[in-house]
Amino acid sequence: MSCFIEIMGQGKPLVLLHGWGMNSAVWERITKRLAANYRLFLVDLPGMGQSRPVNPYHLYSLAETVAEEIPGVSTILGWSLGGLIAQQIALNQPDRVEKLILVGTNPSFVSKPDWPHGIEARHFQQFNERFEKDFHATLLNFLTLQCMHAKDTRSTIRQLRIAFAAKPTPTQESLNQALDILLQTDLREEISRLYQPTLIIHGDRDTLAPVSAAHWLAMHLQRAKLRVIAGAAHAPFLSHADAFCETVETFMADESAVRTVAER
């Protein structure tokens, strides 16, 4: 098995894909509630948590590796980097993805002249330079950055640090390769091919994936619902677990074909 996956609960399959540098323990705050209604597949992405790296290490190979291990047809929930992988799986094997849930993600994390909804590339480069100098301190700083400006920053940071420490620390090589995916990926052209009903959940205080990116996704995906959680930053499932779970449950129960609508 290429990916370590923890399975729990009963019901429709719901696959959860975490973000850069993290592992599946990050979902602990919401798993008990969601497992009451769904069969959860908590994936450690290749090279993170308890999953070994893959070679070559790029978005397509990560999507292929994860797809080999998850149920034949499922809903995929992806957070941040996991959201890119979820989209790539849906592009590669559309018949296997019933619905998509994209959390704090962005079709292009780096801003460009025609894309103001990302982070300037120089910030990524500065992060990479600090990463080379002090691996662990930079990782902890990144955890803090994900929670900046959230309503309950201190508690959210504590939860992220506990989840990070729950499994083996990824190697610097794996994290560098995964960071390259965030730097290089631009799915803006491809997402018009995604026809699956999609729920976008985003914090209005997200500093890593600006909320304007979520509005752009909602406008350009064929069948999307947008839920902006006020007071949440990059990890709304930690800072606003109840609102997050309610939104997921409503979307999972909705069998209708939903046109694009923004709701707040």
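Residues numbered from 1 in each chain as written. Predicted model: local features only at pLDDT ≥ 70, side-chain atom pairs only at ≥ 80, totals over all residues. Heavy atoms only, no water.

Going by the annotation in an unreviewed UniProt entry, the name recorded for the chain is Pimeloyl-[acyl-carrier protein] methyl ester esterase, with Methylophilus luteus given as the source organism. Under the UniProt heading Pathway (unreviewed entry), the note attached to the chain is "Cofactor biosynthesis; biotin biosynthesis." (UniProt positions renumbered as here; feature names shortened; annotations may be inferred.)

Quick look at unusual backbone geometry now. Going from Asn55 to Pro56, the amide bond is cis rather than trans, its omega being 0°. Within the secondary structure, Pro56 is located in the loop between strand S3 (38-43) and helix H2 (59-69). At Ser80, a position not held by glycine, the phi torsion is positive, near 55°. Mapped onto the secondary structure, Ser80 falls in the loop between strand S4 (74-79) and helix H3 (81-92). (Helix = DSSP H or I, 4+ residues; strand = E, 2+ residues; numbered from the N terminus.)

Under the definition given, this model contains five aromatic pairs. Ring geometry for Trp27 and Phe237: centres 4.6 Å apart, planes at 45°, overall tilted. With Trp27 in the loop between strand S2 (12-17) and helix H1 (28-35) and Phe237 in helix H9 (residues 236-239), this pair connects stretches of sequence that are 210 residues apart. With respect to class, Trp27 is no different from Phe237; both count as buried. Ring centres of Trp115 and Trp216 lie 5.0 Å apart, and the angle between their planes is 85°; on these two criteria the pair is classed as edge-to-face. Pair noted here: Trp115 is in the loop between strand S5 (97-103) and helix H4 (121-133) and Trp216 is in helix H8 (residues 211-220), with a separation of 101 residues, a long-range link. Taken as a pair, Trp115 and Trp216 share a single burial class, namely buried. An aromatic cluster is built from Trp27, Trp79, Phe237 and Phe244, whose rings are joined through pairwise contacts. Over the ring of Phe251 we find Lys99; its NZ or CZ atom is 4.8 Å from the centre of that ring. (Phe/Tyr/Trp six-rings, centres within 6.5 Å; stacked < 30°, edge-to-face > 60°. Buried < 20%, exposed > 50% of the residue type's maximum accessible area, 1.4 Å probe, protein only. Lys NZ or Arg CZ within 6 Å of the ring centre and 35° of its normal.)

Given a rise of 1.5 Å per residue, 13 residues ought to cover 18 Å, and the 19 Å separating the end C-alpha atoms of H4 matches this to within 8%. When we look at burial in H4, the residues that qualify are Phe124, Phe127, Asn128 and Phe131. Down the axis of H4, the buried side of the element spans an arc of 100°, and every buried residue falls inside it. On its buried side, H4 packs onto helix H5 (135-147) and helix H7 (172-184). (Expected span 1.5 Å × (residues − 1). Arc of directions from axis to C-beta. Contact = heavy atoms within 4.5 Å.)

Leu14, Leu17, Trp20, Leu81, Ile85, Ile101 and Phe237 are the most contacted members of the largest nonpolar core, which totals 95 residues. When near neighbours in sequence (up to four residues on either side) are disregarded, Phe237 contacts Val26, Trp27, Arg29, Ile30, Trp79, Val103 and Phe244. (Core = buried A, V, L, I, M, F, W, Y, C linked by side-chain atoms within 4.5 Å.)

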